[in-house]
Amino acid sequence: MRIDVLTQFPELFDGPLRTSLLGKAIEQGVVDVRLHDIRTFAKDKHHITDDNAYGGGPGMVLKVEPIFAAYDSLPDGPKRAVVLSPAGRRLDRDLVNEFAAESNLVLICGRYEGVDERVLEGLPAEEVSIGDYVLSGGELPALVIIEAVTRLIPGVVGRAESIQQDSFESGILDYPHYTRPVEFRGMTVPEVLRSGDHAAIERWRHEAALAKTKKNRPDLLQQ
Ligand SMILES: C[S@@+](CC[C@H](N)C(=O)[O-])C[C@H]1O[C@@H](n2cnc3c(N)ncnc32)[C@H](O)[C@@H]1O
């Protein structure tokens, strides 16, 4: 899978793309992430990518030409383009699964007040939000999508069952996990998890997952 990122701040991706599972997946060529600095596509000598908003008001707007120039520089072929925006469709498991089935994603990172609306009018791009709050740029949301999608590529997460048991996969949250030591500051690992009785462990985990879902995300149970 190839992911192209159009950004004004490629340096923000340095650490996350080199670390842990994501770093390994990139190193092994399972996912090919290409960063495109939109400043290099600005034609003027100062490489200006933003300007004042028509109609007035505070804040700058990311210009349409460098974004189109960066998009046009990408190889031909089917691709799904996303503009990161708090005003977009909220990212969830279903959307991540859709993205993971694509061969080429293009992630367009906004800054300031966002991108000129003609990016959305002129490109086959959809707006996607990572939640109902506002960040200063689309780079962290792009990294969220890259990591969530990469986890779903077969072989990236060592054991496939580990993904199947993750929160949301079966409509509820994951069950609680424990590791050594058995006792820490008076808190002990539930006896059943040490019993070796696999059926009892399964039952306990399912009930604990339901209880956690009821407490933290009752909306999931209604669905
Ligand atoms: C300060 S925000 C712009 C907010 C915009 N004026 C609004 O109120 O919808 C700058 C950029 O950060 C990114 N961004 C901020 N919050 C985001 C979120 N929750 N999801 C996705 N992208 C976000 C977008 O790329 C956005 O263009």
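1. Describing the overall build of the chain
No. 1: From N to C terminus, the chain includes eight helices and nine strands.
No. 2: Against the globule reference of 17 Å for 223 residues, the chain gives a C-alpha radius of gyration of 22 Å, more extended than a compact globule.
No. 3: Principal-axis analysis of the C-alpha atoms gives the chain an extent of 70 × 40 × 35 Å.
No. 4: Counting every position in the chain, which comprises 223 residues, the buried fraction comes to 38%.
No. 5: A sequence separation of at least 24 residues applies to 74% of the contacts in the chain between residues at least 6 apart.
No. 6: Carbon and sulfur atoms make up 52% of the accessible area of the chain, which amounts to about 13,400 Å² in all.
No. 7: In the chain, the 26 positive side-chain charges and the 35 negative ones have mean positions that sit 6 Å from each other.

2. Here we look at the site of the ligand
No. 1: If you check the shell around the ligand, you find 19 residues, and the closest are Leu84, Gly110, Ile130, Tyr133 and Leu135.
No. 2: In this structure, a nitrogen atom belonging to the ligand sits 2.8 Å away from a main-chain N or O atom of tyrosine 133.
No. 3: Between leucine 135 and the ligand, the recorded distance is 2.9 Å, taken from a backbone N or O atom to a nitrogen atom.
No. 4: In terms of residue count, the dominant contributor to the shell around the ligand is strand β5 (residues 80-90) (three residues).
No. 5: Looking at side-chain class alone, the shell around the ligand contains nine nonpolar, eight polar and two charged residues.

3. Overview of helix α1 (residues 20-27)
No. 1: Every buried residue of α1 is listed here: Leu22, Gly23 and Ala25. Around the axis of α1, the buried residues are gathered within 165 degrees of arc, so they sit on the same side. Facing away from the buried side of α1, by more than 90 degrees, are the exposed residues Ser20 and Glu27.
No. 2: Structurally, α1 contributes buried residues whose contacts are with α5 (139-151).

4. What to know about the domain arrangement of the chain
No. 1: Here the chain is described as being made up of domain 1 (2-150) and domain 2 (165-222).
No. 2: Distance between the C-alpha centres of domain 1 and domain 2: 37 Å.

5. With respect to unusual backbone geometry
Glycine aside, residues mostly have negative phi, and peptide bonds are mostly found in the trans state.
No. 1: Residues arginine 180 and proline 181 are joined by a peptide bond in cis, for which omega reads 5 degrees.
No. 2: Among the structural elements, proline 181 can be located in the loop between α6 (160-164) and β8 (183-184).
No. 3: A positive phi is found at serine 20, a non-glycine position, where the angle reads about 55 degrees.
No. 4: Examined against the element boundaries, serine 20 turns out to sit in helix α1.
No. 5: Here serine 20 falls in the exposed class, since its relative accessible area comes to 59%.

6. Side note on helix α3 (residues 93-100)
No. 1: Among all positions in α3, only Leu95, Val96 and Phe99 are buried. Buried positions in α3, seen along its axis, are confined to an arc of 100 degrees and lie on one side of it.
No. 2: Contacts from the buried residues of α3 go to β5, β6 (104-108), β7 (125-129) and α5.
No. 3: The residue sitting at the N-terminus of α3 and contributing the capping side-chain oxygen is aspartate 92; that oxygen lies 3.2 Å from the backbone nitrogen of aspartate 94.

7. Focus on the packing of aromatic side chains
No. 1: Here the structure, examined in full by the defined rule, presents zero aromatic pairs.
No. 2: Above the ring of phenylalanine 9, the side-chain terminus of arginine 39 is found at 5.5 Å from the ring centroid.
No. 3: When the ring centre of tyrosine 71 is taken as origin, the NZ or CZ atom of lysine 79, which lies over that ring, is 5.5 Å away.

8. Regarding the packing of α1 against α5
No. 1: Taken N-terminus to C-terminus, the directions of α1 and α5 make an angle of 70 degrees; their axes are 10 Å apart at the nearest point. It follows from the interaxial angle that α1 and α5 lie roughly perpendicular. Residues Leu21, Leu22 and Ala25 of α1 pack against Ile146, Glu147, Thr150 and Arg151 of α5.
No. 2: Here the residues of the contact of α1 with α5 are counted per class, giving four nonpolar, one polar and two charged.

Reading the values: the criteria
Residues numbered from 1 in each chain as written. Predicted model: local features only at pLDDT ≥ 70, side-chain atom pairs only at ≥ 80, totals over all residues. Heavy atoms only, no water. Helix = DSSP H or I, 4+ residues; strand = E, 2+ residues; numbered from the N terminus. Rg over C-alpha atoms; globule rule 2.2 N^0.38 Å. Buried < 20%, exposed > 50% of the residue type's maximum accessible area, 1.4 Å probe, protein only. Contact = heavy atoms within 4.5 Å. Areas by Shrake-Rupley, 256 points an atom, 1.4 Å probe, with all protein chains shown as cover. Lys, Arg positive; Asp, Glu negative; His and termini not counted. Charge placed at Lys NZ, Arg CZ, Asp CG, Glu CD. Near = heavy atom within 4 Å. Polar contact = N/O pair within 3.5 Å; in protein donor to acceptor, adjacent residues only side chain to side chain. Nonpolar A, V, L, I, M, F, W, Y, C, P; charged D, E, K, R; others polar. Arc of directions from axis to C-beta. Domains from an automatic or database assignment. Phe/Tyr/Trp six-rings, centres within 6.5 Å; stacked < 30°, edge-to-face > 60°. Lys NZ or Arg CZ within 6 Å of the ring centre and 35° of its normal. Axes fitted to C-alpha atoms, helices over the stretch in contact; angles between N-to-C directions. Parallel < 35°, antiparallel > 145°, perpendicular 65-115°, else oblique.

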